[in-house]
Amino acid sequence: MAAVSPLLVTRGLTRRFGGLTAVDHVDFTLPPGEIRAVIGPNGAGKTTFVSLVCGRIPPSEGRILFDGDDITALPAHRRVRRGIAYTFQITSIFQNLSVFDNVALSVQRTLIDRGGGVPARALEAGVLEALSRVHLADRLDLPAGKLAYGHQRLLEVAMGLALQPRLLILDEPTQGLSDAEIESFVALVREIAQRATVLLIEHNMPVVMALADRITVMSNGAVLAEGTPDAIRADAAVQQAYLGSPGDG
Amino acid sequence: MRADTTARVVALHLAVVAVLAALFFVLPDYHRGVMARVLVLAVFAMGYNLTFGYAGLLSLGHAMFFAAGLYGAGLTAYHLGWSVLPAFGFGIACGGALALVVALLALRTTGVAFMIVTMMFSQVFYLTTLYYTTYTRGEEGLVLGPELRTIGLGGWTLELWEPATRYFIAVALFSVVFLATMALARAPFGRGLVAIRENEERMRMLGYDVHRAKLSAMVLSGLSCAVAGAAYALLFGYVGSSFASIQYSILPLLWVLLGGAATTLGPLLGTVFMFYAVDLTSGYTSAWLLVVGVALILLVLFFPKGVMGTVRRKWLPWLP
Amino acid sequence: MAFGPHLLLATLEGLVTSAVLALMALGLSLVFGVMRVVNVAHGEFFMLGAVLAWFFSTLVTGHPAFGFLLALVLSPLVVAGVALVAERLVLRRLNYDPEATIVATIGLLYIIQQLALTVYGPEARPVQAPFSIRIALPWFGYSGYKLFVVAASMALMAATWFVLTRTRIGLVMRATQYDRETAQNFAIPVDRVYAGVFALGAGLAAVAAVLVVPISQAHYLMGLDPLLLSFIVVIIGGLGSLRGTVLAAVLIGVSDGVISVFFSPTLAKMIATFAVAMVLVFRPQGLFGTAAR
């Protein structure tokens, strides 16, 4: 297999809040095209870790490299322009703007970055493309706040997709979704992964097992184990810390 | 989708300008003067609207930008004998420069702290105009003589105190800023500001440079307010400290709230209405600020979207 | 007068200012600390206190101390009542939203101020001090009443500190300030605490006004300068810090007094206002406050 340079690397990434070490010298490597799930008990530092990666909070120590470049000092909005998109753990959309306008802001961003202004036709095309992937294209003018919660989460994913990211970070995306919605979500992520790398924080184990190429297990701010789903399932330390005793499912 | 509304929007705005111009021929003399004043103050309100309405930053210090234009134009004309156009330009530049400096400092704070910081910077500006009373004559102010308010263009002479000239220049200035605000509100920049106001963190995570957007909004805002200030000095010939006082930071807030924040038409409506309301009241009592106080409380309690904001929400969603 | 004694005089004058300022700033700080709202009309509560003090003093003939005592008791009560009404009618309906509250209190400022103008008039009226003893210092005589003001202020600050730190009411207030939601979970009637704190803040401003009005006069515009100075004190001293408020009040009051005497009052205000704006930009927790939670 040819050596592919990793898309995302962190070296000794650390974040402290006063006396608490939320992320503890994490070394992390993510090759392009992979679907990586990050799991762990509550308080393990998963959201803090991805917040450090996407730039929402600054690290106390360590380095972050994206596609070979050191982005540690880069502010969040510049990282987004480099190709990192993030959907929030608690859905964060523009409640008072229409579904169309929500996604338009992402499409507008990519059009501006490409230069040449924002022609209306290109904007519309981009919005429709992103929304049809999450099956929300029939509700363009609805105020986003009026959508059901599950659909709001999908809208946020569409906003991330419309940025045409190279790395899409999803923070507990299936929380609050019905079983049927989760099923179509899994299909969506598989389709996304054909063009982008996906980093996924999840508590829903069936989803993790179905989607992940590899799993990183975090506990107490550090990486406990890393490997394929089967390897993680069989790992005794992980079972003890997180999944329960070997007898449980 | 958006293409459908452009024609309507542009037509509406041009119609407003046409009505304002035509009004001159209908109004009696006294009201021609009042409307000229109102239009210049409406430019001030539109400038404030950029910061407060579109960017969502409650500044309590915008008097300093208006006053920067006022004094920039007034002092250069009065003490240095500058002619109208250079004085006007200088006033605008002063406002822009001040806005940049203030924004760089004030945008390090948010919410209540931002309000207090802007209020305090404006207060320092006001106190400065009082302190250097040898140049500014403080509250008493400076009166610009007619020779300072004349523009010579080729063989033509424009006398700025002449009612018709003054009125139409006011309309022209208003129209420029009005149409510019319309264009800005519908452009990606304007829509970006509104979105930042809605959910700043989300905008940042969509790749937008939120700080730069707010900074630009404030500088544009300061420039517009300075346009109004410089125009006021040259059209009405008076430059005084009271225009830098906190009252002139609160009045545009009131005008914009009443007319409808983050709408293009709101500032004009609010300014016209409140100006006449105050004019009427001060005919009866010297306590006309009471009207301002009551209006502010009623607005914020029952009518926070203002007139055009409510119209837009209920009937005409395409209004910028 | 030689420089030394002149400086001492300026310092004493500054201390009197500080004493009044400390009380007023304390009121503002309590309201901001517990309710997280800025009351721009705080200066008008001060002015109202002074105007009412004049009114009550005219009701009583005879020794001026009677009128003064009446004012000292009634004026803060009336002003606290006004504040309570405003809180119920307006602030609570706004759900204490910070921006809306500021706009509403600006409206309140104008209403109170202009009503005072209408009813009380534009003149400045004096109130007689309850006693007029002069303390003879080696270089000049100094008003005993002014020293009384400083002492009274210190006593009131101590009493407030005592209430805040040693009584149940104070505990309830501090709990609400610290974490409103948890306080609610512990069945603390947050709404009533807010109403009480707002009234208390206004009352403190009124007391400060009653103390100062025999020294200066009662005038309908007298609320604006103290408001600004109180802001400055609260911001520099830091929120939620009684000690910070006192120290900042002394610092601001004395330096304002000294600069005003030796230079110009306008310059003093310019420097103070600019300094506080910079503090807010670069060190928002002030000198002693803790960073916002």
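Residues numbered from 1 in each chain as written. Chains lettered and ligands numbered in written order. Predicted model: local features only at pLDDT ≥ 70, side-chain atom pairs only at ≥ 80, totals over all residues.

J.: A description of the overall build of chain B should follow, citing residues and the corresponding values.
T.: When you go through chain B residue by residue, the secondary structure sums to 14 helices and four strands. Taken against the 2.2 N^0.38 rule, which gives 20 Å for 320 residues, the C-alpha radius of gyration of chain B at 19 Å falls within 12% of a compact globule. Dimensions of chain B along its principal axes, counting C-alpha atoms only, are 55 × 45 × 45 Å. The buried share of chain B, taken over its 320 residues, is 54%. For chain B, long-range pairs separated by at least 24 residues make up 78% of all intrachain contacts whose partners lie at least 6 apart in sequence. (Helix = DSSP H or I, 4+ residues; strand = E, 2+ residues; numbered from the N terminus. Rg over C-alpha atoms; globule rule 2.2 N^0.38 Å. Buried ≥ 20, exposed ≤ 12 C-beta atoms within 10 Å, placed from the backbone. Contact = placed C-beta atoms within 7 Å.)

J.: If you had to explain the overall build of chain C to someone new, which residues and values would you point to?
T.: Each helix and strand counted, chain C has 11 helices and two strands in total. Along its sequence from the N terminus, chain C presents helices and strands in the succession α-α-α-α-β-β-α-α-α-α-α-α-α. The C-alpha atoms of chain C give 19 Å as radius of gyration, which agrees with the globular expectation for 293 residues (19 Å, within 12%). Each principal axis of the C-alpha atoms in chain C carries an extent, and together these give about 60 × 45 × 35 Å. Within chain C, the fraction of its 293 residues that count as buried is 49%.

J.: Outline the sheet that holds strand β8 (residues 197-201) of chain A, listing residues and values.
T.: Residue and element names in this part refer to chain A. What the six strands build is an open sheet, ordered β6-β7-β8-β3-β9-β10; its pairing is mixed. If you trace the sheet from one side to the other, it starts and ends with β6 (84-87) and β10 (222-227), each paired once. Between one strand and the next, the sheet's axes are offset by a mean angle of 20°, whatever the strand orientation. (Pairing = 2+ DSSP bridges. Axes fitted to C-alpha atoms, helices over the stretch in contact; angles between N-to-C directions.)

J.: Before we move on, can you summarise the interface of chain C and chain B with the specific residues and values?
T.: For interface size, the figure often reported is the accessible area lost on association. Contact with chain C, which involves 34 residues of that partner, is made by 32 residues of chain B. Sorting the residues of the side of chain C that touches chain B by element identifies α4 (98-120), α9 (224-237) and α11 (265-282) of chain C as the ones contributing at least two each. Here the side of chain C that touches chain B gets 17 residues from one element, more than from any other, and that element is α4(C). The class makeup of the residues in the side of chain C that touches chain B is 25 nonpolar, six polar and three charged. (Nonpolar A, V, L, I, M, F, W, Y, C, P; charged D, E, K, R; others polar.)

J.: Describe in detail the sheet that holds strand β4 (residues 61-66) of chain A, supporting the description with residues and values.
T.: All names here are of chain A. Pairing in this open sheet of four strands is antiparallel, and the strands run β2-β1-β4-β5 from one edge to the other. The open sheet has two free edges, formed respectively by β2 (20-30) and β5 (69-70), since each of these has just one partner strand. Across two bridges, the pairing between β4 and β5 is antiparallel. What sits directly across from Leu65, in β5, is Asp70.

J.: Give me the interface of chain A and chain B: which residues, what numbers.
T.: Each partner contributes to the interface: chain A provides 22 residues, whereas chain B provides 16 residues. The set of elements that each furnish at least two residues to the side of chain A that touches chain B consists of α2 (76-82), α3 (99-114) and α4 (120-133) of chain A. Here the side of chain A that touches chain B gets six residues from one element, more than from any other, and that element is α3(A). Tallied by class, the residues present in the side of chain A that touches chain B amount to 14 nonpolar, five polar and three charged.

J.: Any details on unusual backbone geometry? Residues and values, ideally.
T.: Negative phi is the rule for most residues except glycine; trans is the rule for most peptide bonds. Residues and elements named next belong to chain C. Despite not being glycine, Arg36 shows a phi value in the positive range, around 60°. Position of Arg36 relative to the elements: it lies in the loop between α1 (3-35) and α2 (42-59). Residues other than glycine seldom take positive phi values, yet Asn95 does so here, at roughly 60°. Tracing the backbone through its elements, the reader meets Asn95 in the loop between α3 (64-91) and α4.

J.: Outline the packing of helix α2 (residues 29-54) of chain B against helix α12 (residues 266-284) of chain B, listing residues and values.
T.: All names here are of chain B. Between α2 and α12, the least distance of the axes is 8 Å, while the angle of their chain directions is 130°. As judged from the angle between their axes, α2 and α12 are oblique. Crossing handedness for the pair α2 and α12: right-handed. From α2, Val38, Leu41, Ala42, Ala45, Met46 and Asn49 reach across to α12, where they touch Gly266, Pro267, Leu268, Gly270, Thr271, Val272 and Phe275. Class assignment of the residues belonging to the contact of α2 with α12 gives a composition of nine nonpolar, four polar and no charged. (Parallel < 35°, antiparallel > 145°, perpendicular 65-115°, else oblique. Left-handed = near helix turned anticlockwise from the far one by under 90°.)

J.: An account of the confidence of the model for chain C is needed here, citing residue identities and associated values.
T.: Low pLDDT marks regions whose predicted coordinates should not be analysed in detail. For chain C, mean pLDDT is 87; residues scoring 70 or higher make up 96% of the total. The ipTM assigned to the predicted complex is 0.89, against a pTM of 0.89. (pLDDT = per-residue confidence, 0-100.)

J.: Just give me the short version of α12(B), but keep the residues and values in it.
T.: Residues and elements named next belong to chain B. Taking 1.5 Å per residue, 19 residues should reach 27 Å; α12 reaches 27 Å between its end C-alpha atoms and fits that length. Three or more residues of α12 are buried, namely Gly266, Pro267, Leu268, Leu269, Gly270, Thr271, Val272 and Met274. Where α12 is buried, its residues touch α2, α11 (247-259) and α14 (306-314). (Expected span 1.5 Å × (residues − 1).)

J.: Pulling in residues and values, what's your account of the pairing of β10(A)?
T.: Here strand β9 (residues 214-219) of chain A runs beside β10(A); their pairing, made up of five bridges, is antiparallel. For Met218(A), the partnering residue across the bridge sits in β10(A) and is Val223(A).

J.: Please provide a residue-by-residue account of the environment of Arg190(A), values included.
T.: As for its position among the elements, Arg190(A) is in helix α6 (residues 179-192). Along the sequence, Arg190(A) and Ile93(A) sit 97 residues apart, while their C-alpha atoms lie 23 Å from each other.

J.: Please set out the environment of Arg37(B) residue by residue, giving values where relevant.
T.: Residues and elements named next belong to chain B. Along the chain, the position of Arg37 falls in helix α2. Given 18 C-beta atoms within a 10 Å radius, Arg37 is considered partly exposed. Arg37 sits 113 residues away from Thr150 along the chain, and the two C-alpha atoms are 18 Å apart.

J.: Quick rundown of the arrangement of the chains? Include the residues and the values.
T.: Considering every one of the two pairs of chains in contact, the largest contact total is recorded for chains B and C. No interface is formed between chain A and chain C, the nearest pair of C-alpha atoms being 13 Å apart.

J.: So what's going on with the environment of Pro75(A)? Residues and values would help.
T.: Residue and element names in this part refer to chain A. Tracing the sequence through the fold places Pro75 in the loop between β5 and α2. You can call Pro75 partly exposed: it has 14 C-beta atoms within 10 Å. Along the backbone, Pro75 and Arg56 are 19 residues apart, and their C-alpha atoms lie at a distance of 8.1 Å.

J.: Tell me what's going on with the pairing of strand β7 (residues 167-171) of chain A, and back it up with residues and numbers.
T.: All names here are of chain A. The element β7 is largely enclosed, with a buried count of five among its five residues. Here β7 shows no split at all, with Leu167, Ile169 and Asp171 on one side and Leu168 and Leu170 on the other all buried. Alignment of β6 against β7, held across four bridges, turns out to be parallel. In the strand pairing of β7, Ile84 is matched with Leu167. Alignment of β7 against β8, held across five bridges, turns out to be parallel. Considered in β8, the bridge of Leu168 is made with Val198. In this view, the connection linking β7 to its parallel neighbour β8 by way of α6 has right-handed handedness. (Right-handed = clockwise from strand over helix to strand, strands pointing away.)

J.: Residue-level account of the packing of helix α4 (residues 84-106) of chain B against helix α10 (residues 210-236) of chain B, with values.
T.: Residue and element names in this part refer to chain B. It is the contact of α4 with α10, at a shortest axis distance of 7 Å, that shows an interaxial angle of 145°. Our pair here, α4 against α10, has a crossing hand that is right-handed. Among the residues making up the contact of α4 with α10, the classes are represented as 19 nonpolar, six polar and no charged.

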